[in-house]
Amino acid sequence: MASATSSTSRLPYPLPLSTMHSVHTTCSFTSSLSCNKLSFSTGNRKGEIIFRNNNCSKLRIRCGVITEIKEDQFCEVVLKSDCPVLVEFVATWCGPCRLIGPAMESLAEEYKEKITVVKIDHDANPKLIEEYKVYGLPTLILFKDGKEVPDSKREGAITKAKLKAYLDGLLKSVSIA
């Protein structure tokens, strides 16, 4: 079993990121390694790499303010939330999903006092895909008080400015602006 250490390392990107965006640069970070988890911080971002097996052939990286959830968490995180939740349906193979990833992270940070933003992997959550009729990716749906906000579903890539206008309009319609 590995012992916990702290060090400063250089990590070449891109790595497979579950957050759906690639960073095409080298990132310096401070890390703390213990057993199967590497926690790190890069500037104002924090995250962790979780190794899925002993040979480290699969890993998951979480960073930023958007959390990826699964079907079994949907009810608790989205439907029972006290504040509005913007759900982003994505897939690792989806180019437009990767394109809007940085804009989504930025908006999630900017609106963190008003809404929660979560991400759902299309391939790993077929029941939610069927229930909410997700036909194109990325798909955004706003939920409030356990229900889908009418006319909130939006499919396809969108610029940050249009994403902000979309979200501002929705928040006004549910009286959260």
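If you look the protein chain up in an unreviewed UniProt entry, it shows as Thioredoxin domain-containing protein from Anisodus acutangulus.

Trainee: Quick rundown of the environment of Leu 79? Include the residues and the values.
Mentor: Looking at where Leu 79 falls in the secondary structure, it is placed in helix 1 (residues 71–79). Leu 79 sits in the partly exposed class, given a relative accessible area of 25%. Between the alpha carbons of Leu 79 and Lys 144 there is a distance of 7.5 Å; along the sequence they are 65 residues apart. Beyond its immediate stretch of four places on either side in the chain, Leu 79 contacts Phe 74, Tyr 132, Phe 143, Asp 145 and Gly 146.

Trainee: Describe the state of the cysteines, listing the residues and the values that go with them.
Mentor: One pass over the structure, following the stated rule, counts one disulfide. In this model, Cys 94 is linked to Cys 97 through a disulfide, with the two sulfur atoms separated by 2.5 Å. With the S-S bond torsion at 80 degrees, the cross-link from Cys 94 to Cys 97 turns out right-handed. The exposure class of Cys 94 is buried, given its relative accessible area of 4%.

Trainee: Describe the pattern of salt bridges, with residues and values.
Mentor: This structure, assessed with the given rule, holds four salt bridges. With a closest N to O distance of 3.8 Å, Glu 76 and Lys 80 form a salt bridge. Residue Lys 80 is classed as exposed on the basis of its relative accessible area of 52%. With a closest N to O distance of 2.3 Å, Lys 164 and Glu 110 form a salt bridge. Of this pair, Lys 164 sits in helix 4 (residues 160–173) while Glu 110 is found in helix 2 (residues 95–110), placing the two residues 54 residues apart along the sequence. The exposure class of Glu 110 is partly exposed, given its relative accessible area of 42%.

The rules behind each value
Residues numbered from 1 in each chain as written. Predicted model: local features only at pLDDT ≥ 70, side-chain atom pairs only at ≥ 80, totals over all residues. Heavy atoms only, no water. Helix = DSSP H or I, 4+ residues; strand = E, 2+ residues; numbered from the N terminus. Buried < 20%, exposed > 50% of the residue type's maximum accessible area, 1.4 Å probe, protein only. Contact = heavy atoms within 4.5 Å. Disulfide = S-S within 2.5 Å. Salt bridge = Lys/Arg side-chain N within 4 Å of Asp/Glu carboxyl O.

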